[in-house]
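Structure at a glance
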Amino acid sequence: MEHMENIVRLLVSSGLDKADRNQLDVLKREGPLWIAGGETRIYRRSLQVRDSVLYFVASEGTEKRLYLASARPLPRMFQGPTVQLEGVHLLKAELSTENAGHLHEVFPFTAPVSLRDKKTTIGCGDRLGLATPGHVRAAVKYDVYPVLAQQSIRELILTRRDYPGVVADATFLVFQEGYDRGYGADGDHLKTIKDIDVALAARMPMITLDLTEVMSPEPATWDGNRISVEFGKLDESTRQHVRDEYAGRTFAFAGATITFTPSEAERCALMYGRALDFSRDVDRHLKEKRGDGYDLEISIDETTAPTLPAHHLFIAAELARRGVAVNSLAPRFVGEFQKGIDYIGDTVEFERQFEVHCAIARRYGGYKVSIHSGSDKFSVYPAIGRHTGMRLHLKTAGTSWLEAVRVIARTNPALFREMLGKAFASFEEAAKLYHVTTNLAAIPDVQACADSDLERFMDAKDSRQLLHITYGGLLNDLELRGAFFQTLARNEEAHYLAVEKHMEKHLRLLGVREYPFGGYAVPTRTE
Ligand SMILES: [Zn+2]
């Protein structure tokens, strides 16, 4: 405790609270940490000066805080205990949602922003609220912008977090890393205006609108007679529009043609009419609340069948007609995008259809094609990069959680064995929420494995999936929870490095342009 205070007194008396950006940059270039001895560490990249106040993140033991120090009196808004040292004012601000809001005001780069005008974006997702430094260390090396906060309601419930907390975690870690290029925050898979408002109130600029519950899947399997009977019940102007614009018409794309038989056009109107109108309502709502500062993603990926190119075309054209500002759209692609493992299916057929999806996106407003459950799909990344021309949003989420578990396997074998054992017990519950084909019988006995072999469980398909989906059960196990977070805190840099390497692998294989000098070596304000 006193140790830290001595350091702060030294920093202020040497005039660091009046340092300019260049002087701070010299310090920051030395690396992420300032091990000030014992249990005290200062996160060097967090050093900032505003109005003669020095701001930085530091931890004593496992307690991390935002520090404000100055020879002058401190701004009053931040909450936390103050200490009066000889000629130095010191405040230890808690990493609370309130203080995150204050940090947004003092350092606007710490607040999430719309990434509408950015070509390539990657949804990182951070179920633990710890992985952001790994994500941004990968992102700064590439021509890509990260959506650091990204949670569905399902994830919030399973991790017992809320949107303000998710945004606050990203805020403080962005500050810790000194990452100032801008990041997004995504209220993922939201289905109602009520839930959208919760995300907006937490300052999340990206909304992923999940249309599953307003689409009508039934007409997909109806015969022509049934279709025409139901279509006949729609109002006359809708029927006329569908007949004029789609019935019997052919559209040419990327070497493929899409022809609507009259019956298929009617089927689309029945399946998507209500969802399209709801999308328009949501878009108007977002515009009213945030002006142009929002990113609307339309998600139709949680269906039972892949999105036919004709259906994607119908949806895209109708969203455009309704004037919806679509930033990205997530179809369901052919083949399987299961959690945490590579693509399952025919990669040639995938590429053939994917190319048409991309051409449709280009024709109707040039929105980004969004790939959900996109982590670890390494075998199709080259095709994805090629056909989108990097105009894409790739969502990953659980894959970063798996990297955290990998760090456990490396640093705390006993805890890893316990986690894997308990994952089996949570599997049945978790498998109701996620579509996976995990073969539990194929997973070797972890008790019989040497410590040095434990990491293999993180690379084998079945154990990987098992650990991927059981995060809720594992994190809510009180015996595991404490040890898990303690182990990660003790191995913080190793955790960041594992996440960084894994994210980089994604960006490299997608073919995202790499900056020639890599990451922190170049000034980050280049645009
Ligand atoms: Zn999805």
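Since the model is a prediction, treat every value here as computed from it, not as a measurement.

**Section: the side chain of R406**
By secondary structure assignment, the location of R406 is in helix α14 (residues 398–411). Overall, the relative accessible area of 8% leaves R406 in the buried class. Among the polar contacts listed, one links the side chain of R406 to the side chain of E455, at a separation of 2.9 Å.

**Quick word on the sheet that holds strand β6 (residues 88–93)**
The antiparallel open sheet is built from six strands, whose spatial order is β1-β2-β3-β4-β6-β5. Each edge of the sheet is formed by a strand with only one pairing partner; in this case those strands are β1 (33–35) and β5 (82–85). Neighbouring strand axes in the sheet, compared pairwise and without regard to direction, differ in orientation by 30 degrees on average. In terms of strand pairing, strand β2 (residues 40–50) meets strand β3 (residues 53–60) through seven bridges, oriented antiparallel. Considered in β3, the bridge of T40 is made with E60. Across the sheet, helix α6 (residues 163–177) touches β2, β3 and β4 (63–70), and the angle it forms with β2 is around 90 degrees.

**Topic: the sheet that holds strand β14 (residues 326–330)**
Overall, parallel pairing links the eight strands, which are arranged β7-β8-β9-β10-β13-β14-β15-β16 in a closed barrel. The sheet shows a mean angle of 25 degrees between the axes of neighbouring strands, direction not considered. Relative to strand β15 (residues 368–371), β14 runs parallel, the two sharing two bridges. Bridge pairing in β15 places L329 opposite V369.

**Some words on the coordination of the zinc ion**
The coordination sphere of the zinc ion, as far as protein atoms go, consists of H189 (NE2), D301 (OD) and H372 (ND1), spread over 2.0 to 2.5 Å. Here the donor residues of the zinc ion share one chain and are spaced in sequence as H-x111-D-x70-H. With D301 in the loop between β13 (295–299) and α11 (309–321) and H372 in the loop between β15 and α13 (381–388), this pair connects stretches of sequence that are 71 residues apart. Residue D301 shares its accessibility class with H372, and that shared class is buried.

**Description of the pattern of salt bridges**
For the structure shown, the criterion picks out 48 salt bridges. Put simply, D376 and R464 hold a salt bridge, and the shortest N to O gap is 3.0 Å. A residue pair is termed long-range when its members are at least 10 positions apart, and D376 in the loop between β15 and α13 and R464 in helix α17 (residues 461–469) qualify at 88 residues. Judged by its relative accessible area of 7%, R464 falls in the buried class.

**A look at the pairing of β2**
Among the 11 residues in β2, nine count as buried, and that is most of the element. In the sheet, β1 pairs with β2 via three bridges, with the strands oriented antiparallel. Counted as the bridge partner of L33 is Y43 from β2. In this antiparallel pair of consecutive strands, β2 and β3, the connection spans two residues, and D51 shows a positive phi of 50 degrees.

**A short note on the confidence of the model for the protein**
For the protein, mean pLDDT is 94; residues scoring 70 or higher make up 98% of the total. Of the regions scoring below 50 in pLDDT, residues 521–527 engages in eight contacts with residues more than four places distant in sequence or in other chains.

**Thoughts on the packing of aromatic side chains**
Considering all chains together, one arrives at 24 aromatic pairs under this definition. The interplanar angle of 90 degrees and the centroid separation of 5.0 Å between the aromatic rings of Y55 and F107 together place this pair among those described as edge-to-face. Here F107 lies in the loop between α3 (97–106) and β7 (120–123) and Y55 lies in strand β3, a separation of 52 residues in the sequence. A single burial state applies to Y55 and to F107, both of which are buried. Linked through ring pairs, Y55, F78, F107, F109 and F175 together constitute an aromatic cluster. Positioned over the ring face of Y434 is R154, at 4.2 Å from the centre of the ring.

Conventions adopted
Residues numbered from 1 in each chain as written. Predicted model: local features only at pLDDT ≥ 70, side-chain atom pairs only at ≥ 80, totals over all residues. Heavy atoms only, no water. Helix = DSSP H or I, 4+ residues; strand = E, 2+ residues; numbered from the N terminus. Buried < 20%, exposed > 50% of the residue type's maximum accessible area, 1.4 Å probe, protein only. Polar contact = N/O pair within 3.5 Å; in protein donor to acceptor, adjacent residues only side chain to side chain. Pairing = 2+ DSSP bridges. Axes fitted to C-alpha atoms, helices over the stretch in contact; angles between N-to-C directions. Contact = heavy atoms within 4.5 Å. Donors = N, O, S within 2.8 Å, 3.2 Å for Na, K, Ca; no water. Salt bridge = Lys/Arg side-chain N within 4 Å of Asp/Glu carboxyl O. pLDDT = per-residue confidence, 0-100. Phe/Tyr/Trp six-rings, centres within 6.5 Å; stacked < 30°, edge-to-face > 60°. Lys NZ or Arg CZ within 6 Å of the ring centre and 35° of its normal.

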